[in-house]
Each structure stands twice: as C-alpha cells, then as structure tokens.
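# A look at the structure
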Amino acid sequence: MSALQPVRGTHDLIGEDQRRHRHVIDTARRIVWSYGFDEWTTPIFEDTRVFSRSLGETSDVVMKEMYTFTDRSGESITLRPEATAGICRALVSNGLTQSLPQKVFYAGPMFRYERPQKGRGRQFHQVDIEAIGSAEPISDAEVIACGWNVLRALGVDRLTVLEVNTLGDRPSRDAYRAALVAYFTAHRDTLSEDSLQRLERNPLRILDSKDERDRRVVADAPTIAPFLTPEAARFYDDLRRLLDRFGVPFRENPRIVRGLDYYGHTAFEFVTEALGAQGTVMGGGRYDGLVEEMGGPPTPAVGWAAGVERLAMLLDAPPPEPAPIAVVPVGEAAEPAAIAAVQALRQAGLRAEMAYRGNLRRRMERANRIGARAAVILGDAELATGVAQVKDFSTGEQTEVPIAELASRLA
RNA sequence: GCGGGCGUAGCUCAGGUGGUAGAGCGCCAGGUUGUGGUCCUGGAUGCCGUGGGUUCGAGUCCCAUCGCUCGCCCCA
C-alpha cells in the first residue's frame, strides 16, 4: 500500500482507459485530416518565455500553474501548459510564416500545477487544431464545424452545447473593458473578494464568476454589443451566419471569456452537464496577435483545444478490439508448424498469438482469456494430414482447415 | 491556497455498543497431460494508509499525518 504511486494529478492509462483515450485521438485525427489539417509534433517543454510572454503575465496559468524549473545549464524551462504557444513558436522558428496558411493538428500531453478534480489532472492530454494565416470569419466557422464533427464522430455531440461569443477587436475590447471597470467599480462593495482582484487584473472574468453576489451584479452589467466597432460587429454577424451555413447548431453566451490574453473576436466553448464542475470539453477562438508575440509578422489565426480525458469520459463505450486468433501447438513436434502458422496469420494482417504453456486444457483456457475468436490446434495428427483443427469460440464448433489455407480462411 | 467525503485482499465492499479479520469477483491448483467459456472441489492472498495516544486488549475510540476523491479559484 505504501508502494510507489504515480505523482499527484497524473494517471496510468491501461486497458479500457487507454482504448478510450486512443479512440478520442484517432477519431480527432481522422476527422481533422478530412478538413486538410496536418499533424505537427513539438517539444513538451519550451523556453519559459514562450509561455510567459504569450499567455499574459496576469493569467492564472502563468501566475500559479506552470511547471517551471531551471535545467543544468541554468535555462528556465517550462512544461507546456497548452499547445498553441508552442505551435506559434515552431511556426516562427521554422520560417513557415512565409508559407501561410498553415493548418495544424496536434495531440499530446500538457501540464498544469493544479488541484486535481474530476476531469482535471496535472498531466492531461489535448487534441488541438490551429488555422494560422486565415483572417476571414469563414475560417472561424470552418474550425468550429470541424470541432463539432469530431464530437459527432465520437458520439458525444448530443451531450454538448456549442456556445459562442465575440470579444471584439482591440478598440471594441478596450472600450468595453473601460465600461465594465466603471460599472463594477460602482458596485464594488457587493462584489466577492475574488472579483475585486479580477477588477484589477482582468475585469472581463468577473462575467463568468460563479459567486452568488457577483452573479446579481453581472446580470445587469453592460454587454459588449454596443461597444463593438462596425468591423467587429460585422465579423461576428458573419460568423453566426456561416455557422448556420455549415449547419452547426449553437447558442450565444455573452459571458464566455477566454482565460488567456491572446484571444480576440471569436470565442467559443462546447460545454456539457455530464462532467461536474469541468463543463468545458472543447474551447477556442481567434488569436490574431500571438504569432507576432513570438517574433513573427502580424498573423491572424483561429483554433481550438479539446481535453482528451474529458471526451474519453463522455464516451459510451470504447470501440471493441478485433478478436485475435490463438494458435495452439500440441506436443513439442508441433512447435515449428505453430510458429510458421502464427507468423503467416500475422503477415496476413490478423492479430494472432500462440498459447504454448501447460497442457491442452491450459492452452485453450489461455486462448479464451485473450479473447480469441478461434483456436487453431496443431498436433501430431494435424501435422500428419496437413489439416488443422479450428475451433470457433463463439459457436463451440470445430472444423478442419488445411494448414496452408489458414490465413485466407480466417481473414 | 481553502472547504466536504473516503482510506480493510488484485477489484468492489461487509465488519451495531472495543475481544487478535470476512464475502463476492478475480487469481492459483485439481476434477479433464487432445479441447476454452458453464459446473464441482481445494488453496493463497492483508504491517485494516502511516505515526502516536487511551485500554488488559484498537479495523473499531482520540490526536496528528499522508494519500485519494469531489468542490472553490481557473481551465481542456
């Protein structure tokens, strides 16, 4: 009981857990491929500045959640808390700002130092797409449609709702922020302590506070709509129109706020009631300033990230594994023939294992335990005739199959 | 960083008011060394999370501590 345990907030993925996890990633990869995205893999740790600069110095991620350490050469290194910053860094590092647009798919582990909860770990996994170099609202709509199709392919779309909002462009947001600060300052004596802090750092986040006191104040708070510039308003109109055109159902939620500073215009979340406090299963938006932060030219971009663990928990059941074939040699003389047979099955693309321990009863037991759909029995009699006994485990029936035809007959 | 719940076999969990630890599932062996799944018989498994206290005696009561879990904050 006091043996070594995984580090707090990390988990082993074994058996069904692993199958669910892999199914989420495989499905996302397949759907996203059909939209023209290419997979990238970047390092799981980066120069700390990649994140501190891009996520915003006042974001919670940077202030208290990063796994940051100094390596042996004295460099400050951070385990990535999210994928987008690293992708933008890679875009710039590889000179790909010269060949836009880039449509990137990403799958891998992320790290955040937090108290673990349902659907939240210190190491967790995301799938992620980024359409970099696309400024038109049609790319936002297409990115969202792509995410929605991933959820549909996973069969979890009926458990989730898409909520969209606009954060406007820079002038819209500055004007709105000023109005919010004025409004909340006037009501500061009724705000929660947390929200008084937010008023200093990021007043937008008061909007999605769960505190009772805050919610009453928020109910009458101004919305961004009257502060949108004509350009920002039209962008949002276009987005909603195009979502309809793509056939993606959504509802507007003016309280959606992104936690990271680099977002503007489109913000969206696919949320669910099924995961307790962690309702967001996929979230994203537009981040036109980020590539520039990384030292590249001004570059528009839009994307989303989805939590693999959270999606895996929403899955009904992991997809079934194809059942293997068990090859069962009887007696030492049968070993070479059994090895040849099992290799032939594998060459034919089948999943096949040998059961070679114990008496025949043990071997058949083993064959059953690995979930085999059939057992190929090879003993002295079979070697003499060149015909194997093949037992179908679902029916219990046993038939004779020439050894040379095993692969084709069992395919 | 702050709150609630829970720690007994590999897993799921029983163990009124203190008397030296149980079930089901799983595992191992045999019934059957040329036939699995079903069935029968037998077996192993535990520093009862850890440390301390009360007591003749603690899984049970008290204190502390660690871990897990759910929630707040924030997010995928």
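Residues numbered from 1 in each chain as written. Chains lettered and ligands numbered in written order. Predicted model: local features only at pLDDT ≥ 70, side-chain atom pairs only at ≥ 80, totals over all residues. Heavy atoms only, no water.

## Looking at the overall build of chain A
Put simply, the test is: Labels follow the DSSP assignment, with helices taken as runs of H or I lasting at least four residues and strands as runs of E lasting at least two, numbered in each case from the N terminus. Just to be clear, the radius of gyration here is over C-alpha atoms, and the globule rule we use is 2.2 Å times residues to the power 0.38. Each residue's exposure class comes from its accessible area (1.4 Å probe, protein chains only) as a fraction of the maximum for that residue type: buried when under 20%, exposed when over 50%, partly exposed otherwise. When checking whether two residues touch, look at their non-hydrogen atoms; a contact exists if any pair is within 4.5 Å. In these tables, accessible area is a Shrake-Rupley quantity obtained with a 1.4 Å probe, and a residue counts as shielded only by the protein chains included in the view. Charge counting treats Lys and Arg as positive and Asp and Glu as negative, with His and both chain ends excluded. A single reference atom marks each charge: NZ on Lys, CZ on Arg, CG on Asp, CD on Glu.
Counting its regular elements, chain A contains 15 helices and 16 strands. In summary, chain A has a C-alpha radius of gyration of 28 Å against a globular reference of 22 Å for 411 residues, an excess of more than 25%. Dimensions of chain A along its principal axes, counting C-alpha atoms only, are 95 × 55 × 45 Å. Taken over 411 residues, chain A has a buried fraction of 47%. By sequence separation, contacts in chain A at least 24 residues apart represent 69% of the contacts at least 6 residues apart. Taken as a whole, chain A presents about 20,900 Å² of accessible surface, with 50% of it coming from carbon and sulfur. Measuring between centres, the 51 positive side-chain charges of chain A sit 4 Å from its 57 negative side-chain charges.

## Section: the side chain of Thr299
With respect to the helices, strands and loops of the structure, Thr299 is situated in the loop between α10 (290-293) and β11 (301-307). Beyond its immediate sequence surroundings of up to four residues, Thr299 is in contact with Leu100, Ile132, Gly133, Tyr287, Asp288 and Val291.

## What about the domain arrangement of chain A?
Counted only if it meets this: Domains are outlined according to an automatic or database domain assignment.
Split by domain assignment, chain A resolves into domain 1 (16-169 + 229-314) and domain 2 (325-410). Here the C-alpha centre of domain 2 lies 49 Å away from the C-alpha centre of domain 1.

## Some words on the environment of Phe235
Summarising the element assignment, Phe235 is placed in helix α9 (residues 230-246). In this structure the C-alpha to C-alpha distance between Phe235 and Gly285, which are 50 residues apart in sequence, comes to 13 Å. In contact with Phe235, other than residues within four places in its own chain, are Ala135, Glu136, Pro137, Asp140, His265, Thr266 and Arg286.

## As for the pairing of strand β3 (residues 67-70)
Just so we agree on the cut-off: Strands were regarded as paired on the criterion that DSSP finds at least two bridges between them.
With 4 bridges joining them, β3 and strand β4 (residues 76-79) adopt antiparallel strand pairing. Each bridged residue has a counterpart across the sheet, and for Thr70 the counterpart in β4 is Ser76. As consecutive antiparallel partners, β3 and β4 are separated by 5 residues, and within that stretch Gly74 has a phi angle of approximately 90 degrees, a positive value.

## Observations regarding the sheet that holds strand β1 (residues 38-39)
Strand pairing in a sheet relies on backbone hydrogen bonds. The paired strands run either parallel or antiparallel. If you trace the 8 strands from one edge of the open sheet to the other, you get β1-β5-β6-β11-β10-β9-β7-β8, paired in mixed fashion. Lying at the two open borders of the sheet, with one neighbouring strand each, are β1 and β8 (251-252). For strand β9 (residues 264-272) and strand β10 (residues 280-286), the ladder comprises 6 bridges, and the chain directions are antiparallel. What sits directly across from Ala267, in β10, is Gly285.

## Brief notes about the pattern of salt bridges
We apply this condition: A side-chain nitrogen of Lys or Arg and a carboxyl oxygen of Asp or Glu constitute a salt bridge if their distance falls within 4 Å.
Throughout the structure, instances matching the rule amount to 20 salt bridges. Between Glu39 and Arg29 there is a salt bridge whose closest N-O contact spans 2.7 Å. Placement of Glu39 in strand β1 and of Arg29 in helix α1 (residues 16-34) is noted, with a sequence separation of 10 residues between them. A relative accessible area of 31% means that Arg29 is categorised as partly exposed. Arg49 serves as the salt-bridge partner of Asp47, at 2.7 Å between the closest nitrogen and oxygen. Overall, the relative accessible area of 52% leaves Arg49 in the exposed class.

## Re the pairing of strand β15 (residues 387-392)
As defined by bridge partners, strand β14 (residues 374-378) adjoins β15 across 4 bridges and the pair is classed as antiparallel. Its bridge partner lying in β15, Ala375 is registered against Lys391. Bridge count between β15 and strand β16 (residues 398-402): 5 bridges; the pairing is antiparallel. Of the residues in β16, the one forming a bridge with Gln389 is Glu400. The antiparallel hairpin formed by β15 and β16 contains 5 residues in its connecting segment, where Gly396 sits at a positive phi of about 80 degrees.

## Some thoughts on unusual backbone geometry
Along the chain, Leu100 connects to Pro101 via a cis peptide bond; the corresponding omega equals 0 degrees. As for its placement among the helices and strands, Pro101 is situated in the loop between α4 (84-93) and β5 (102-111). The backbone phi angle of His265 is positive, close to 55 degrees, even though this residue is not glycine. In this structure, His265 sits in strand β9.

## With respect to the state of the cysteines
The line we're drawing: Any two cysteine sulfur atoms lying within 2.5 Å of each other are counted as a disulfide.
For the structure on display, the rule yields 0 disulfides. Unpaired in this structure, Cys88 has its nearest cysteine sulfur neighbour in Cys146, at a distance of 17 Å. For Cys88, a relative accessible area of 0% puts it in the buried group.

## Things to note about the packing of α1 against helix α5 (residues 137-154)
Two packed helices can be described by the angle between their axes and the distance between those axes. What counts, and what does not: Simply put, an axis is a line fit to the C-alpha atoms, just over the touching stretch for a helix, and the angle between two N-to-C directions goes from 0 to 180 degrees. The labels follow the angle: roughly parallel below 35 degrees, roughly antiparallel above 145, roughly perpendicular from 65 to 115, and oblique for the rest. For any helix crossing, the convention is left-handed if the near helix is rotated counterclockwise from the far helix by under a right angle, and right-handed if that rotation is clockwise. Residues are grouped as follows: nonpolar covers Ala, Val, Leu, Ile, Met, Phe, Trp, Tyr, Cys and Pro; charged covers Asp, Glu, Lys and Arg; every other residue, Gly included, is treated as polar.
Closest axis-to-axis distance for the α1/α5 pair is 9 Å, and the angle between their directions is 135 degrees. Between α1 and α5, the crossing angle belongs to the class labelled oblique. Taken as a pair, α1 and α5 cross one another with a handedness that is right-handed. Across the interface between the two elements, His23, Val24, Thr27, Ala28, Arg30, Ile31 and Val32 from α1 touch Cys146, Asn149, Val150, Ala153 and Leu154 from α5. Taken together, the residues that form the contact of α1 with α5 break down as 8 nonpolar, 3 polar and 1 charged.

## Some words on the environment of Arg49
Rules: Definition of a polar contact: a pair of N or O atoms within 3.5 Å, with one able to donate and the other able to accept a hydrogen when the atoms are protein atoms, and with sequence-neighbouring residues admitted only if both atoms are side-chain atoms.
Of note, Arg49 is situated in helix α2 (residues 48-55). Sequence spacing of Arg49 and Met294 is 245 residues, and the spatial spacing of their C-alpha atoms is 9.3 Å. At a separation of 2.7 Å, a polar atom in the side chain of Arg49 contacts the side chain of Asp47.

## What about α9?
Put simply, the rule reads: For a helix, the expected span equals 1.5 Å multiplied by the residue count minus one. In this description, one arc is meant: the one made by directions from the helix axis to the C-beta atoms.
With 17 residues, α9 should reach 24 Å at 1.5 Å per residue; the first-to-last C-alpha distance of 24 Å fits that figure. Along α9, the residues that are buried comprise Ala232, Phe235, Tyr236, Leu239, Leu242 and Leu243. The buried residues of α9 occupy an angular sector of 130 degrees when projected down its axis, which confines them to one face. For α9, the exposed residues set more than 90 degrees away from the buried face come down to Pro230, Arg234, Asp244 and Arg245. Elements that come into contact with the buried residues of α9 comprise α5, β7 (160-166), α6 (170-186), β8, β9 and β10. Two residues or fewer past α9, Gly247 is found with a positive phi of approximately 80 degrees.

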